[in-house]
Amino acid sequence: MEAYSFDITPELIQADIALAEYAYSMRNSLPSLMNMCGYHATQAIEKSLKFALYHISPEMCERLGYTHSIDAALCKLERVQTGFISTHQDVADISDLLSLMNKSRYGDYKVTQGVACKVLHIAQELSQEIIQDHAPMTRISSNEHYSTN
């Protein structure tokens, strides 16, 4: 069995946020970039959840392993930090939508501007909170928030 290795850093989370923001900013010149925005925003959410879980309970993170399930990460976080889901209800509410974002990078799911905006906003908020709570020395590089206008 392969040894568990945790390689998620705040910089990796911020890179996904930056890529999602860039893709969103280019929406008028290349609308298909909404798919990449949704995908990278979802990756930032997944990495943020795993980052939090690792810093709260490394053993529980190891048990989560390499899964890409947002639901599994939320459930494990709830087990080690009661109330996590209720304070992050926005993530729980769109977990089914987030699972579709993996398909969006191949064009199998079309992300609308409204969905991209919503997922990006949640990713920005969650990643900022998680990084500040679990890696307070890391500077958040982007404070931009997007709207559908």
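Residues numbered from 1 in each chain as written. Predicted model: local features only at pLDDT ≥ 70, side-chain atom pairs only at ≥ 80, totals over all residues. Heavy atoms only, no water.

A. Main features of helix α1 (residues 10–25). With 16 residues, α1 should cover 22 Å at 1.5 Å per step; its first-to-last C-alpha distance of 22 Å lies within 8% of that length. When α1 is considered as a whole, its buried residues turn out to be Pro10, Ile13, Gln14, Asp16, Ile17, Ala20, Glu21, Ala23 and Tyr24. Elements in contact with the buried residues of α1: α2 (33–56) and α8 (113–134). (Helix = DSSP H or I, 4+ residues; strand = E, 2+ residues; numbered from the N terminus. Expected span 1.5 Å × (residues − 1). Buried < 20%, exposed > 50% of the residue type's maximum accessible area, 1.4 Å probe, protein only. Contact = heavy atoms within 4.5 Å.)

B. Representation of the layout of surface pockets within the structure. In this structure, the second largest pocket encloses a volume near 190 Å³. Around the second largest pocket, the lining is made up of 15 residues, and of these Glu46, His68, Leu98, Ser99 and Asn102 lie nearest the centre. Those elements that place two or more of their residues in the lining of the second largest pocket are α2, α4 (70–80) and α7 (95–104). In terms of residue count, α7 provides more of the lining of the second largest pocket than any other element does, six residues in total. Across the lining of the second largest pocket, the residue classes tally to four nonpolar, seven polar and four charged. (1 Å grid on protein atoms, 1.4 Å probe; cavity = no way out; pocket = protein on both sides within 12 Å on 5 of 7 lines; lining within 4 Å. Points joined across faces, edges and corners; volume = space filled by probe spheres on them. Nonpolar A, V, L, I, M, F, W, Y, C, P; charged D, E, K, R; others polar.)

C. Here's a closer look at the confidence of the model for the protein. With 87% of its residues at a pLDDT of 70 or more, the protein has an overall mean of 87. Confidence drops under pLDDT 50 across residues 138–143; counting only partners more than four residues distant or on other chains, this segment forms 12 contacts. (pLDDT = per-residue confidence, 0-100.)

D. Local environment of the nonpolar core. Core analysis: the largest hydrophobic core is formed by 42 residues, its most contacted members being Ile45, Leu49, Val91 and Val119. In this structure Leu49 touches Ile70, Ala73, Leu74, Leu77, Phe84, Val91 and Leu126, once residues within four positions along its chain are discounted. (Core = buried A, V, L, I, M, F, W, Y, C linked by side-chain atoms within 4.5 Å.)

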